[in-house]
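Read off the chains here:
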Amino acid sequence: MPTILGQNQYGKAENRVVKITRDGDTHHIKDLNVSVALSGDMDDVHYSGSNANVLPTDTTKNTVFAFAKEYGIESAEQFGIHLARHFVSSQEPIHRARIRIEEYAWERIATSDGNSRFIGADEVKHSFARKGQETRVSQITYDGENWEVISGLKDLTVMNSTNSEFWGYVKDKYTTLKEAYDRILATDVSARWRYNWTSDEQRMPNWEKSYEQARKHMLQAFAETYSLSLQQTLYQMGSRIINSRSEIDEIRFSLPNNHHFLVDLEPFGLKNDNEVYFAADRPYGLIEATVLRDGVEPKIPVDMTNL
Ligand SMILES: O=c1[nH]c(=O)c2[nH]c(=O)[nH]c2[nH]1
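- The protein chain has the name Uricase in an unreviewed UniProt entry, where Streptomyces cavourensis is given as its organism.
- One UniProt comment on the protein chain, placed under Sequence similarities (unreviewed entry), says "Belongs to the uricase family."

1. Considering the site of the ligand
Inference 1: Taken together, Phe166, Leu177, Arg183, Ser229, Leu230, Gln231 and Asn257 make up the full set of residues near the ligand.
Inference 2: In the environment of the ligand, an oxygen atom lies 2.7 Å from a nitrogen or oxygen atom belonging to the backbone of Leu230.
Inference 3: One nitrogen or oxygen atom from the side chain of Asn257 is found 3.2 Å from a nitrogen atom belonging to the ligand.
Inference 4: Coverage of the ligand by the protein chains reaches 72% of its 290 Å² of free accessible surface.
Inference 5: When grouped by side-chain class, the residues that make up the shell around the ligand number three nonpolar, three polar and one charged.

2. Quick look at the environment of Lys12
Inference 1: Mapped onto the elements of the fold, Lys12 is located in the segment before strand 1 (15-23).
Inference 2: Its relative accessible area of 26% is what places Lys12 among the partly exposed residues.
Inference 3: Along the primary structure Lys12 and Ala191 are separated by 179 residues, whereas in three dimensions their C-alpha atoms are 35 Å apart.
Inference 4: A polar contact of 3.2 Å, which involves the side chain of Lys12, links it to the side chain of Thr57.

3. Brief notes about helix 4 (residues 207-224)
Inference 1: Counted at 1.5 Å a residue, the expected span for helix 4 with its 18 residues is 26 Å, and the 25 Å between its end C-alpha atoms agrees.
Inference 2: Those residues of helix 4 that fall on the buried side of the exposure criterion are Ser210, Tyr211, Ala214, His217, Met218, Leu219, Gln220, Ala221, Phe222, Ala223 and Glu224.
Inference 3: Its side-chain oxygen at 3.3 Å from the backbone nitrogen of Glu208, Asn206 defines the N-terminal cap of helix 4.

4. Overview of the packing of helix 4 against helix 5 (residues 230-244)
Inference 1: Where helix 4 meets helix 5, the axes come as close as 8 Å, and the angle between the chain directions of the two elements is 140 degrees. Considering their axes alone, helix 4 and helix 5 lie oblique with respect to each other. Seen from above, helix 4 lies across helix 5 with right-handed handedness. Side by side, helix 4 and helix 5 meet where Ala214, His217, Met218, Gln220, Ala221, Phe222 and Glu224 of the first sit next to Thr233, Gln236, Met237, Arg240, Ile241 and Ser244 of the second.
Inference 2: The residue inventory of the contact of helix 4 with helix 5, partitioned by class, reads six nonpolar, five polar and two charged.

5. Observations regarding the pattern of salt bridges
Inference 1: Following the criterion strictly, the structure yields 13 salt bridges and no others.
Inference 2: For Arg245, the salt bridge goes to Glu247, with nearest N and O atoms at 3.0 Å. Both residues of the pair, Arg245 and Glu247, count as buried.
Inference 3: For Arg282, the salt bridge goes to Asp281, with nearest N and O atoms at 3.7 Å.
Inference 4: The exposure class assigned to Asp281 is exposed, which follows from its relative accessible area of 57%.

6. Observations concerning a nonpolar patch on the surface
Inference 1: A grouping of Trp167, Tyr181 and Leu228 is seen on the molecular surface, where their side chains present a nonpolar patch of about 320 Å² in accessible area.
Inference 2: Within the secondary structure, Tyr181 sits in the loop between strand 7 (147-160) and strand 8 (185-195).

7. Section: a negative patch on the surface
Inference 1: On the surface, Asp41, Asp43, Asp44 and Glu92 cluster together into a negatively charged patch.
Inference 2: In this fold, Asp41 is placed in the loop between strand 2 (26-40) and helix 1 (43-47).
Inference 3: Residue classification places Asp41 among the partly exposed positions, given a relative accessible area of 39%.

8. Focus on the sheet that holds strand 1
Inference 1: The strand order 3-2-1-11-10 describes an open sheet built from five strands, whose pairing is antiparallel. On the outer flanks of this sheet lie strand 3 (94-103) and strand 10 (260-262), each paired with one strand and no other. Geometrically, the sheet is characterised by an average inter-axis angle of 35 degrees between neighbouring strands, direction not taken into account.
Inference 2: In this sheet, strand 3 lies alongside strand 2 in antiparallel orientation, the contact comprising nine bridges. When the sheet's bridge partners are listed, Asn33 is paired in strand 3 with Glu102.
Inference 3: Contacting strand 2 and strand 3, helix 3 (residues 76-90) runs over the sheet at an angle of about 160 degrees to strand 3.

9. Some remarks on the side chain of Arg252
Inference 1: Residue position: Arg252 is located in strand 9 (residues 248-257).
Inference 2: Of the side chains bearing the opposite charge, Glu288 lies closest to the buried Arg252, which forms no salt bridge; the N-O distance is 4.7 Å.
Inference 3: Polar contacts involving the side chain of Arg252 include one to the main-chain carbonyl oxygen of Val302, which spans 2.9 Å.
Inference 4: Not counting residues up to four positions away in its chain, the partners in contact with Arg252 are Ser190, Ala191, Arg192, Glu288, Ala289, Thr290, Ile300, Pro301, Val302 and Thr305.

10. A word on the environment of Asn33
Inference 1: Position of Asn33 relative to the elements: it lies in strand 2.
Inference 2: Asn33 sits in the buried class, given a relative accessible area of 6%.
Inference 3: Between the C-alpha atom of Asn33 and that of Tyr195, which follows or precedes it by 162 residues, the distance is 39 Å.
Inference 4: Residues in contact with Asn33, not counting those within four places in the same chain, are Glu14, Asn15, Arg16, Arg100, Ile101, Glu102 and Tyr104.
Inference 5: Polar side-chain contacts of Asn33 include one of 3.0 Å to the side chain of Glu14.

Parameters and conventions
Residues numbered from 1 in each chain as written. Predicted model: local features only at pLDDT ≥ 70, side-chain atom pairs only at ≥ 80, totals over all residues. Heavy atoms only, no water. UniProt positions renumbered as here; feature names shortened; annotations may be inferred. Near = heavy atom within 4 Å. Polar contact = N/O pair within 3.5 Å; in protein donor to acceptor, adjacent residues only side chain to side chain. Areas by Shrake-Rupley, 256 points an atom, 1.4 Å probe, with all protein chains shown as cover. Nonpolar A, V, L, I, M, F, W, Y, C, P; charged D, E, K, R; others polar. Helix = DSSP H or I, 4+ residues; strand = E, 2+ residues; numbered from the N terminus. Buried < 20%, exposed > 50% of the residue type's maximum accessible area, 1.4 Å probe, protein only. Expected span 1.5 Å × (residues − 1). Axes fitted to C-alpha atoms, helices over the stretch in contact; angles between N-to-C directions. Parallel < 35°, antiparallel > 145°, perpendicular 65-115°, else oblique. Left-handed = near helix turned anticlockwise from the far one by under 90°. Contact = heavy atoms within 4.5 Å. Salt bridge = Lys/Arg side-chain N within 4 Å of Asp/Glu carboxyl O. Patch = residues over 30% accessible without salt bridge, like charges linked within 9 Å, V, L, I, M, F, W, Y side chains within 5 Å. Lys, Arg positive; Asp, Glu negative; His and termini not counted. Charge placed at Lys NZ, Arg CZ, Asp CG, Glu CD. Pairing = 2+ DSSP bridges.

Written out as structure tokens, the structure reads:
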């Protein structure tokens, strides 16, 4: 049965590039998921396996990261235009380039007090929360006499583009991790907190206000902690809530460490001065712990934050 090749395209999909632009100590983030699809004179590679017209998909990936440094990311559209033009105009066999880009929006974490050296008027200059995606959750249990209310949130994605280090850890024969003195710290917060209210219906907490305040304190602690580990940041987030909200006795966190690896741009003659990162999705470190008011029995189940 004779066959012919139909429409075809190829390239590297889902290049997760994060670009930090430093304007003094104010940082700006562009966080993109860039997919490259090229087409042109590609009959030979399909029919005979000749790669003579094939720019490797690996090269298309490198180009995305190198262009983030060389041209910056002014907008997704502008970045896509640069890339598409480059592939079509620099490679004779390539006639068409389709660049698809998803952009993840971030907003600065607001603070109430201006007393931290990291804080401007009312925003942290290097701390961001991803726009509009967290889910608020709660679990209410009643046995006819007593109530147990556990509230929380999941998928609250936050990032500090500086003020995070990780060093001084155990090194054995399998350790390859390099010590970091200025890294990105990013996580998707999953937290559950337990209210100490159990019965007096006249003295029920204001659930809406309590949620807003717990979320706010958690975010402020994330933004304001100069972090030596995600574990340390977790503890600060938890104790800030316990110390500022008397109605909450216990909080449990599950925090993935969303790794951002500096891209080696030296092969392209470019210096990466903590600007261009590859946002890896897996594997990730997973840091989990409960923070309790002193003297209180822990009651939040260990696995609850993973639900
Ligand atoms: O904040 C961190 N805590 C760790 O336990 C850890 N382990 C690791 O490889 N990187 C990190 N980062």
